[in-house]
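# Per-entry structural report
Each chain, written out:
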Amino acid sequence: MGIIKQPENPRDANQLTRAYMDSILVEPRYLGSCTPDISMELFGKRFSSPIMIAAFSHLSGTHTGGMPEMARGAKLAGICNWAGMGDEKELSDILATGAETIKIVKPYANREAVFDMLEFAKRSGALAVGMDIDHSFDVRGKPDVVLGLEMKPVSEEELADFVRATDLPFIVKGVLSEADAEKCARAGVRGILLSHHHGIMPYAIPPLMALPKIRAAIGNQMEIYVDCGIETGCDAFKALAMGAKAVCVGRSILPSLKENGAQGVKEYVDNMADELRGMMARTASRDLAHIAGDLLWDASTGKKIVL
Ligand SMILES: Cc1cc2nc3c(=O)[nH]c(=O)nc-3n(C[C@H](O)[C@H](O)[C@H](O)COP(=O)(O)O)c2cc1C
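To start, this report covers the structure provided alongside it. (Residues numbered from 1 in each chain as written. Predicted model: local features only at pLDDT ≥ 70, side-chain atom pairs only at ≥ 80, totals over all residues.)

## A few points about the site of the ligand
Put simply, the test is: We call a residue near a molecule or strand when the C-beta position, derived from backbone atoms, sits within 6 Å of it. Put simply, DSSP H or I for four residues or longer makes a helix, DSSP E for two residues or longer makes a strand, and each gets a number counted from the N terminus. Residues are grouped as follows: Ala, Val, Leu, Ile, Met, Phe, Trp, Tyr, Cys and Pro are nonpolar; Asp, Glu, Lys and Arg are charged; every other residue, Gly included, is polar.
Within the structure, the ligand sits among 20 residues, and S57, G84, D132, G250 and R251 are positioned closest to it. Considering every element that reaches the shell around the ligand, the biggest residue donor is strand β4 (residues 51–56), with three residues. A per-class count over the shell around the ligand returns seven nonpolar, nine polar and four charged.

So, in structure tokens, the structure goes:
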């Protein structure tokens, strides 16, 4: 049909992801609809919506209050917060805000540091822990070094060791293939975040494009979350209608944090939640468990997306 603009740079996974997101259309259903309940339960906690704050790091240089201020915004909005790379002090400050937080630990070559951080997160009251497996390499395929700390790829056996090391739910961030998803399921992982880490790899498949095959491969063994390019309630709705349990909002929320701190974060999230509620109302989706699996159309073929 050719109604969707193609990415200017098809190497750029962020542009590919935006183009794919915009190529998904939604079928309205009004009869029998109602104002939906968009609240979500995750690991025994109830949240106001399935919108979550992405696993950020290094915000203190650019955003006053940094990650704890972001966490305050998540708490104000009643949503789940994720935290990326950072030391024990920063995680303590984040958790002191009262925001339910999922701590993502990097695949440090120093595995003792990984186990220590998993243990610290548990002791400090994190909701869940996990690892961004997509951050082991730099662009040349060499071990990545972040702030002087070297990374190392993770084997299925090591992943299982990390999972066993904690009694918190363990999440893997950066899954985009059935192969990795199946390894995660075998290792005892509770949930996977489909993500290309805002374009860490050229030509990386958009998370929503990968989702149906991954869901088919793992069934209901693990929950699936999505990030990358989730900027609006409509984006969130499409991910949920594709079968994601929840989504993380990334870079698009940063200007709100910068301009208005926690209140700005809350307002951005509330706007997304309103838009999500509107999309659910107009598709007769009365709550998150009742979003039909046949609402989405592919604009490029003019056909329904079959899940
Ligand atoms: C400033 C910044 C810092 C980030 N730090 C981490 C991190 O430490 N660990 C991690 O897993 N992801 C990190 N991410 C990636 C996000 O969690 C998320 O995957 C990505 O931003 C989603 O894409 P989007 O920005 O297009 O929404 C970071 C992203 C940004 C913008």
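## Quick notes on the environment of G264
Among the secondary structure elements, G264 is positioned in helix α9 (residues 254–281). Measuring from C-alpha to C-alpha, the distance between G264 and H58 comes to 19 Å, with 206 residues separating the pair along the chain.

## Observations concerning the packing of helix α7 (residues 207–218) against helix α8 (residues 233–242)
Angle between the axes and distance between the axes: these two values describe a pair of packed helices. Stated precisely, the cut-off is as follows: To get an axis, a line is fitted to the C-alpha atoms, and for a helix only the part in contact is used. The angle between two axes follows their N-to-C directions and goes from 0 to 180 degrees. Angular relationships are summarised with four words: roughly parallel below 35 degrees, roughly antiparallel beyond 145, roughly perpendicular across 65 to 115, and oblique for the angles in between. Working rule for handedness: look at the near helix, and if it is turned counterclockwise from the far one by less than a right angle, call the crossing left-handed; if clockwise, right-handed. For every residue pair, C-beta atoms are placed from the backbone, and the pair is scored as a contact if these atoms sit within 7 Å.
Where α7 meets α8, the axes come as close as 9 Å, and the angle between the chain directions of the two elements is 15 degrees. Put simply, α7 runs roughly parallel to α8. Considering only the axes of α7 and α8, their crossing is right-handed. Across from L208, L211 and P212 in α7, the residues of α8 making contact are K238, A239 and M242. Classifying every residue of the contact of α7 with α8 gives five nonpolar, no polar and one charged.

## Regarding α9
Condition: The span you would expect from a helix comes to 1.5 Å times its residue count less one. At every residue, the bend is computed as the angle between two fitted axes, covering the seven residues ending there and the seven beginning there respectively.
The end-to-end C-alpha separation of α9 is 28 Å, well short of the 40 Å expected for 28 residues at 1.5 Å each. The largest bend in α9 comes to about 140 degrees, at N260. Elements in contact with the buried residues of α9: β1 (24–26), β4, α2 (66–77), α8 and β13 (246–249).

## Regarding the pairing of strand β10 (residues 170–175)
Put simply, the test is: Think of it as a crowd count around each C-beta: if 20 or more other C-beta atoms lie within 10 Å the residue is buried, if 12 or fewer it is exposed, and in between it is partly exposed, with C-beta placed from the backbone throughout. If DSSP finds at least two bridges between two strands, the strands pair. For a crossover, the right-handed case is the one in which the path from the first strand over the helix to the second runs clockwise, viewed with the strands pointing away from the viewer.
With respect to burial, β10 is a largely interior element, six of its six residues being buried. Examined bridge by bridge, β10 and strand β11 (residues 191–194) share four bridges and lie parallel to one another. Within β11, the position partnered with I171 by the bridge is G191. Handedness of the β10-helix α6 (residues 178–187)-β11 crossover: right-handed.

## Quick notes on unusual backbone geometry
One can expect most non-glycine residues to show negative phi and most peptide bonds to be in trans. At F43, a position not held by glycine, the phi torsion is positive, near 50 degrees. By the C-beta count within 10 Å, which is 15 here, F43 ends up partly exposed. Of note in the backbone geometry, Y203 takes a positive phi value of approximately 60 degrees without being a glycine. Position of Y203 among the secondary structure elements: in the loop between β11 and α7.

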